[in-house]
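Structure at a glance
Letter by letter, the chains look like this.
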Amino acid sequence: MLQKTTLSFLKELKKNNTKEWFYTNRKKYEAAKADFSILSNSVIQALGKKDPFIASLQAKDCTFRINRDVRFSKNKDPYKTNMGMYLSRGGKKSVFSGYYFHVEPGGNSFMGGGLYMPEPDVIKKVRQEIDYNWEEFNKIISQKKFKATYGNLQREEGMVLSREPKGYEKDNPAIEYIKLKSWVATAPVTDQLLTSDHLVKEIVGAFETLQPMIEFLNKALEE
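Here goes a summary of the coordinates provided.

About the cut-offs
- Residues numbered from 1 in each chain as written.
- Predicted model: local features only at pLDDT ≥ 70, side-chain atom pairs only at ≥ 80, totals over all residues.
- Heavy atoms only, no water.
- Pairing = 2+ DSSP bridges.
- Helix = DSSP H or I, 4+ residues; strand = E, 2+ residues; numbered from the N terminus.
- Axes fitted to C-alpha atoms, helices over the stretch in contact; angles between N-to-C directions.
- Parallel < 35°, antiparallel > 145°, perpendicular 65-115°, else oblique.
- Left-handed = near helix turned anticlockwise from the far one by under 90°.
- Contact = heavy atoms within 4.5 Å.
- Nonpolar A, V, L, I, M, F, W, Y, C, P; charged D, E, K, R; others polar.
- Phe/Tyr/Trp six-rings, centres within 6.5 Å; stacked < 30°, edge-to-face > 60°.
- Lys NZ or Arg CZ within 6 Å of the ring centre and 35° of its normal.
- Buried < 20%, exposed > 50% of the residue type's maximum accessible area, 1.4 Å probe, protein only.
- Polar contact = N/O pair within 3.5 Å; in protein donor to acceptor, adjacent residues only side chain to side chain.
- Salt bridge = Lys/Arg side-chain N within 4 Å of Asp/Glu carboxyl O.

**Regarding the sheet that holds strand β3 (residues 109–115)**
- On the basis of which strands lie adjacent, the open sheet formed by four strands has the order β1-β2-β3-β4 and antiparallel pairing. In this open sheet, the two edge strands, each paired with only one partner strand, are β1 (83–88) and β4 (183–189). Between one strand axis and the next, the sheet turns through 15° on average, direction left out of account.
- Both β3 and β4 contribute to a ladder of seven bridges, which runs antiparallel.

In structure tokens form, the structure reads like this:
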């Protein structure tokens, strides 16, 4: 579970997103960071029993800095108001697909994973893999447990083409997934679950449900 003080810190930071406030409350941040690292290591240890690529990771390989890169953003707030872990072969900077957990109190937390906005050459490889092995991919995303947990893949603005990419026909049975530019599945996490004893179990269970899709996507990158 996460400590309630970690959620309180993120809520307070959202209201006071300044360097002055952060400096004054630095100890609260350090405590929240340590708490999230404990959670991350617990998830890594449990998931690593099912996915050997995750077993050797440590929290520092998978968690993100709280400082925002504001150079190219209209939003100049200096800090993120969330915490996240990305468990992927090779760590958070890896090109491989992986599992993601996002903590943002106030109903904005979620778990899931996949490939988010990869480079054009990666997109090409994944589209080809889905085209060549559509039956396998369709079976993965049609599994009862997958649909119960995630529903379907995300289709937010900017994540899907308006028409089929060059080289693919409209009547291709996989076309709605070939048109994607990201292959991501997510499930919401309530604030209540964040501080529950069942949190690690729920996260790992959701990640294990996603594992066949992660392996499918990574197979495309390996080839």
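Picking up after the structure, the text goes on.
**Overview of the packing of helix α1 (residues 4–15) against helix α3 (residues 26–47)**
- Between α1 and α3, whose axes approach to 9 Å, the crossing angle comes to 130°. Considering the angle they form, α1 stands oblique to α3. In this structure, α1 meets α3 at a crossing whose hand is left-handed. Contacts between α1 and α3 pair T6, F9 and E12 from the former with K28, Y29, A32 and D35 from the latter.
- Across the contact of α1 with α3, the residue classes tally to three nonpolar, one polar and three charged.

**Re the packing of aromatic side chains**
- By the definition in use, this model includes 12 aromatic pairs.
- Here the basic side chain of K92 rests over the ring of F64, its NZ or CZ set 5.8 Å away from the ring centre.
- A cation sits over an aromatic face here: R155 above Y177, 5.2 Å from the ring centre.

**Quick notes on the side chain of T6**
- Assignment of secondary structure puts T6 in helix α1.
- Residue classification places T6 among the buried residues on the basis of a relative accessible area of 2%.
- One polar contact links T6 to D35, side chain to side chain, over a distance of 2.6 Å.
- For T6, the residues in contact, after removing those within four places along its chain, are A32, D35 and M83.

**Here we look at the pairing of strand β2 (residues 98–103)**
- In terms of burial, β2 is largely enclosed, as five of its six residues are buried.
- By the bridge criterion, five bridges tie β2 to β3 in an arrangement that is antiparallel. Following the sheet pairing, Y99 is matched in β3 by G113.
- Hairpin connection between β2 and β3: a loop of five residues separates the two successive antiparallel strands, and G106 in this loop has a positive phi of roughly 105°.

**Some points on the pattern of salt bridges**
- By the definition in use, this model includes 10 salt bridges.
- Taking the shortest distance from any N to any O, the salt bridge between K28 and E12 comes out at 3.3 Å. A residue pair is termed long-range when its members are at least 10 positions apart, and K28 in helix α3 and E12 in helix α1 qualify at 16 residues.
- Look at K28 and you get partly exposed, because its relative accessible area is 41%.
- Overall, E12 belongs to the partly exposed group, its relative accessible area being 28%.
- A salt bridge links E176 to R155; its shortest N-O distance comes to 4.0 Å. In this pair, E176 sits in helix α9 (residues 175–178) while R155 sits in the loop between α8 (144–150) and α9, placing the two residues 21 residues apart along the sequence.
- The exposure class assigned to R155 is partly exposed, which follows from its relative accessible area of 35%.
- Overlapping salt bridges bring together E129, E136 and K219 as one network.

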